[in-house]
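Chain by chain, the residues run as shown.
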Amino acid sequence: MHPIKNIIGPRLSNSEFRAHRWRYLLPSGLLLVAAGLLVASFRQPYWRMRLYAPQYPKGLRVVAYLNRLEGDVREIDGLNHYIGMRPLNEAAQLERKAAPLLVGVLACLLCAVIFIHSPWAALFASPALLWPLGFLLDLHLWLAHFGTNLEPTAALSTSIKPFVPPVLGEGVIGQFRTVARVGDGWRLALTAAGIVLVALWFHRAAYKPLWDEYRRAARSATAGEARRA
Amino acid sequence: MTSVAEQVARERNLTPDDVVAALKTYMPSGRIDEYIMFASGGHSGQVFVIGVPSMRLLKTIAVFTPEPWQGYGFGVGDEILRGGDFESRAIRWADTHHPALSETNGEYDGQYLFIGDKSSSRVAVIDLRDFETKQILKNPVAISDHGGCFVTPNTGYVVEGGQYGTPRGWEYASIEDYQKAYKGYVTFWKFDRERGRIDPARSFCMELPPYWQDLFDAGKFESDGWIFGNSFNTELATGNVDGKSPPFEAGVSQRDNDYLHIINLKKAEQVFQAGKFEKFRDFAVIPLQTSIEEGLLYFTPEPKSPHGVDVAPKGDFIVVGGKLDPHVSVYSMAKIKKAIEAKKWQPDPYGVPVLDYDATLEVQVELGLGPLHTVFDDKGYAYTSLFLDSAIARWTLGGPYQTLHKEPAWTLVKKTNVQYNVGHVCAAEGDTASPDGKYFVSLNKWSIDRFFHPGPLFPQNLQLLDISQPGDKMPVLYDMPLGVGEPHYAQMVKADKLKPWSVYPEIGWDPHAQAVDPTAPKPGQEGVQRDGNQVTVVMTATRSHFTPEHVKVKQGDKVTWRITNVERTEDAIHGFALPLYNINLSLEPGETATFHFEATHAGTFPWYCSEFCSALHLEMMGYLLVEPARAAALDAPHEPPAPGAGS
């Protein structure tokens, strides 16, 4: 049996589709919705941090999108130069550049799952499942990298020691209190991941009988060949 | 808490009224005032910005006088200050009198502020986006003014009435020729709101008899297109010239009446546009005879030597403060128009039609001694300062204002004593089409026993009164000492009508042009460029460094120094102080500044940021090294003399 066929699994006959239309449409529809949410999340912020200090009563904010930073980046960079931290925009340059492509690939993989009627479907869907967690992990690594690699000759190097700002929740750096939380984009991505899980469950329920049938047929075909041989 | 408050009141000897006054004016930290008052700075040549009801001084806007903190006149701002010079004569002080906020339909619009200088007859334009002076103009015809600035209801014109009579352009003429050679003036400065500048080419001056014009005001609604002014020397007194004539103070007060000037500005504008004017120092002047022939100017008698002339909110009445007469005289615009139509007039010695007094007067209201200036509220009351009585008179308006109050029309309701010698008065939006009432400020000339007096020059006293309650309740709430004098008029605007910037809109902003300067230094472009002996420094400033930090020039170089503050954070201001060369800039976030100097003195000059900007503020400095001319010459490569150069 051709390996590609083993990956994409059995095709659906028209009669079977007409007989159980919703059984097959439901997972496909959910996967399309999840792909749509992922694409939509690109336009929303994934992460926000607010920084409060006595002389910044309105606070400073950084808003991270998949491909860019917004907010008071300039001011924060200005302050960070006193403690020897590199400018924020130097972080995650590769990730930010690749983000549009990655999101596109993820959405395409989810669409591909509609046509993959084998256990491989779970593997194709897994990047979208892991995406929200992967974002936070990557962000944490960058925060840790920036916070622990301060320029030792900076003006405030004696009073601000290397630190790792928490990726979520509250932290303290110098006179600043930081509050970090996820943004609507990340929530959309998480919702997409949840929908993918549900979709996979329905996908399995719909295609497992077909896949088992297909495997049985394949096995017996192999056995027949063996007998003939 | 109550017992603690009572204990404090007892210990500080405060009456219940004192406690109420304190509660009405106290601002907890972080609370912002409801009104903003713009008070003339008098001799300081500046304008004070004061929060009401707290009476806290928020800013002194540098206008006619250099002011180092704002970096005005110490490297930049000179081009604006020079607008007020005459020929090569620099004038670096002023006696600012009457601020005027720009108006739309007779209401403050919070966009611009104008202020006049009595001492040299000048006007200035302040942009209220950044509270900075943008333009100063020297009046080419008049040398002293008092009737400025007042604006027409849509700020088409800024009115500047002259004061002491002089020949045209204050040229020399014997005082014996006073009657013929001397004139009075009123100037109508055309304001171009789009450009935020007065356009002298579209402005004009009207000559008046040398009657010593005093205050002016612009009509609105019923009196729209009309301008009113007072006079106080229809006697044509020329002072004690021969040892027999009375001194001015008596000489100008001989006749029972002076003249209220009634000017048809709408018609005057048409006459100007029709080209019926003479040019003097390239400025349009409508001669007196033209004004008479064209029907631009009328007089009506007013009790002698009055002071303020103030138009009521609906534009229907004109209130003249008697000064030497205990009344305010209220004229009716409807009656004035009727008298003009009926030609009920007699010519004065110059041929100006003098309307019949009784035909124009609505009523006289006796208020007390020394009535000067009048403002209005939302309850149909008028408020007049009584200089000699040292009091504020609250009195009722009649006519359409009658329904707003319970008292009979045109009656004195209450007098509140103020400390002391009140000149101008200011009520919340009290000279607009819809006064707010609520707060009132008495601008007192003397303070005598109100404050610790630092030597014999006493502080001014700006007293806040509560005018929110009708009838006879009008208490003093607060005394604000002002150690800079002497404020004359003030205007109070609702704070939310002002929309000032907190940082300049973009990096590289030129406040003079109110636009981005595309050539302003930007990060990455910094450096020092040389072209012959012309050196250009391209610099940026941010917390806590200038870039570059070294500038080396040769003695005799002509230096152009450009700095942009690249900050975007509110209040992140940098100064730039360069010793000996008399430079100090205030670089507000986004602002770019350019100054020029000749490196006349060799030496080592550490420049620094003169505004405490950050924890590393002291470190924000750099060195200007001016190499002595001789050493520079030794260093320079030997070049053959240019062809044709002298031996």
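What you see is a predicted model; the values in this text were computed from it and never measured.

A description of the overall build of chain B should follow, citing residues and the corresponding values.
Within chain B, the regular secondary structure consists of 10 helices and 44 strands. A compact globule built from 647 residues would reach a C-alpha radius of gyration of about 26 Å, and chain B, at 28 Å, matches this within 12%. Across its three principal axes, chain B shows a C-alpha extent of roughly 90 × 80 × 50 Å. Per-residue burial for chain B yields a buried fraction of 60% across its 647 residues. Sequence separation of at least 24 residues holds for 61% of the intrachain contacts in chain B that already meet a minimum separation of 6. A total accessible area of about 26,900 Å² is found for chain B, and carbon and sulfur atoms account for 54% of it. Averaging the coordinates of the 59 positive side-chain charges in chain B and doing the same for the 83 negative ones gives two points 2 Å apart.

Explain the packing of aromatic side chains to me, using residue names and the numbers behind them.
One pass over the structure, following the stated rule, counts 45 aromatic pairs over all chains. Consider the rings of Trp201 of chain A and Phe202 of chain A, whose centres lie 5.3 Å apart with planes at 90 degrees: the pair is edge-to-face. What makes Phe202 of chain A partly exposed here is its relative accessible area of 31%. Between the aromatic rings of Tyr581 of chain B and Phe605 of chain B, the centroid separation amounts to 5.3 Å while the plane-to-plane angle is 70 degrees, which identifies the pairing as edge-to-face. With Tyr581 of chain B in the loop between strand E40 (574-578) and strand E41 (583-587) and Phe605 of chain B in strand E43 (residues 603-608), the pair connects residues that are 24 residues apart, well separated along the chain. Here Tyr581 of chain B and Phe605 of chain B have matching classes, each one buried. Sitting over the face of the ring of Tyr157 of chain B, Lys190 of chain B holds its NZ or CZ atom 4.7 Å from the ring centroid. Looking at Lys323 of chain B, its charged tip hangs above the ring of Phe232 of chain B, at a distance of 5.1 Å from the centre.

Kindly report on the pattern of salt bridges, identifying the contributing residues and their values.
Pairs may arise between side chains of opposite charge once their charged atoms sit close together. All names here are of chain B. Applying the stated rule across the entire model yields 35 salt bridges over all chains. In this structure, the salt-bridge partner of Glu207 is Arg168, at a minimum N-O distance of 2.6 Å. Residue Glu207 is located in strand E11 (residues 197-208), and its partner Arg168 is located in the loop between strand E9 (157-162) and helix H4 (178-181); the two are separated by 39 residues in the primary sequence. Between Asp282 and Lys279 there is a salt bridge, and its shortest N-O distance comes to 3.8 Å. Each member of the pair Asp282 and Lys279 is classed as exposed. In this structure, a network of salt bridges that share partners links the residues Asp192, Arg195, Asp199 and Arg202.

For the sheet that holds strand E5 (residues 107-117) of chain B, give the residues involved together with the corresponding values.
Residue and element names in this part refer to chain B. The strand order E4-E5-E6-E7 describes an open sheet built from 4 strands, whose pairing is antiparallel. Single-partner strands in this sheet number two, and they are strand E4 (96-104) and strand E7 (132-138). Taking the axes of each pair of neighbouring strands and ignoring which way they run, one obtains an average angle of 25 degrees across the sheet.

Could you give me a rundown of the side chain of Ser329 of chain B, with the residues and numbers involved?
Residue position: Ser329 of chain B is located in strand E20 (residues 327-332). Discounting residues that sit within four places of it in the chain, Ser329 of chain B has contacts with Pro303, Ile318, Val319, Val320, Tyr357, Leu361, Val363 and Gln364 of chain B.

Kindly report on the packing of helix H5 (residues 93-115) of chain A against helix H7 (residues 184-228) of chain A, identifying the contributing residues and their values.
Residues and elements named next belong to chain A. Relative to each other, H5 and H7 sit at 20 degrees, their axes nearing to 11 Å. The pairing of H5 with H7 is recorded here as roughly parallel in orientation. Note on packing geometry: the crossing formed by H5 with H7 is left-handed. Note on element contacts: H7 touches H5 through Val196, Leu200, His203 and Tyr207, opposite Leu110, Val113 and Ile114. When the residues that make up the contact of H5 with H7 are grouped by side-chain class, the tally is 6 nonpolar, 1 polar and no charged.

If you had to explain the confidence of the model for chain A to someone new, which residues and values would you point to?
The share of residues in chain A with pLDDT of 70 or more is 99%, and the mean pLDDT across the chain is 93. Of all helices and strands in chain A, the one with the weakest mean pLDDT is helix H1 (residues 3-8) of chain A (85), whereas strand E3 (residues 69-71) of chain A scores best (97).

What counts and what doesn't
Along every chain, residues carry numbers that run from 1 in the direction the sequence is written. Chains and ligands are labelled by the order in which they are written, letters from A for the one and numbers from 1 for the other. Local features in this predicted model are restricted to residues of pLDDT 70 or higher, and side-chain atom pairs are both shown and tallied only at a pLDDT of 80 or more, whereas totals for entire chains, interfaces and linings draw on every residue. The side-chain numbers reported here are obtained from all heavy atoms of the structure, hydrogens and water having been left aside. Runs of H or I in DSSP of at least four residues are treated as helices and runs of E of at least two as strands, each being numbered from the N terminus. Just to be clear, the radius of gyration here is over C-alpha atoms, and the globule rule we use is 2.2 Å times residues to the power 0.38. Using a 1.4 Å probe on the protein chains alone, a residue whose accessible area is under 20% of its type maximum counts as buried, one over 50% counts as exposed, and one in between counts as partly exposed. A contact between two residues is defined here by any heavy atoms of the two lying within 4.5 Å. Surface accessibility follows the Shrake-Rupley procedure with a 1.4 Å probe radius. Residue values consider only the protein chains on display as shielding. Charged residues are defined here as Lys and Arg on the positive side and Asp and Glu on the negative side; His and the ends of the chain fall outside this count. To locate a charge, take atom NZ for lysine, CZ for arginine, CG for aspartate or CD for glutamate. The rule is short: rings of Phe, Tyr and Trp, with Trp giving its six-membered ring, pair when the centres are within 6.5 Å, and they are stacked under 30 degrees, edge-to-face over 60, tilted in between. Placement of a positive charge over a ring is assigned whenever Lys NZ or Arg CZ falls within 6 Å of the ring centre and within 35 degrees of the normal to the ring plane. By convention in these notes, a salt bridge is any Lys or Arg side-chain nitrogen within 4 Å of a carboxyl oxygen on Asp or Glu. Strands pair, by our definition, only if DSSP identifies at least two bridges between them. Structural elements are reduced to axes, namely lines fitted to C-alpha atoms, with helices fitted over the stretch in contact, and the angle between N-to-C directions of any two is expressed from 0 to 180 degrees. Each angle receives one of four descriptions, namely roughly parallel if under 35 degrees, roughly antiparallel if over 145, roughly perpendicular if within 65 to 115, and oblique otherwise. Crossing chirality is assigned from the near helix's rotation relative to the far helix, an anticlockwise turn below a right angle marking it left-handed and a clockwise turn marking it right-handed. Three residue categories are used. Nonpolar comprises Ala, Val, Leu, Ile, Met, Phe, Trp, Tyr, Cys and Pro, charged comprises Asp, Glu, Lys and Arg, and polar comprises the others, including Gly. Every residue gets a pLDDT, meaning the predictor's confidence in that residue, from 0 to 100.

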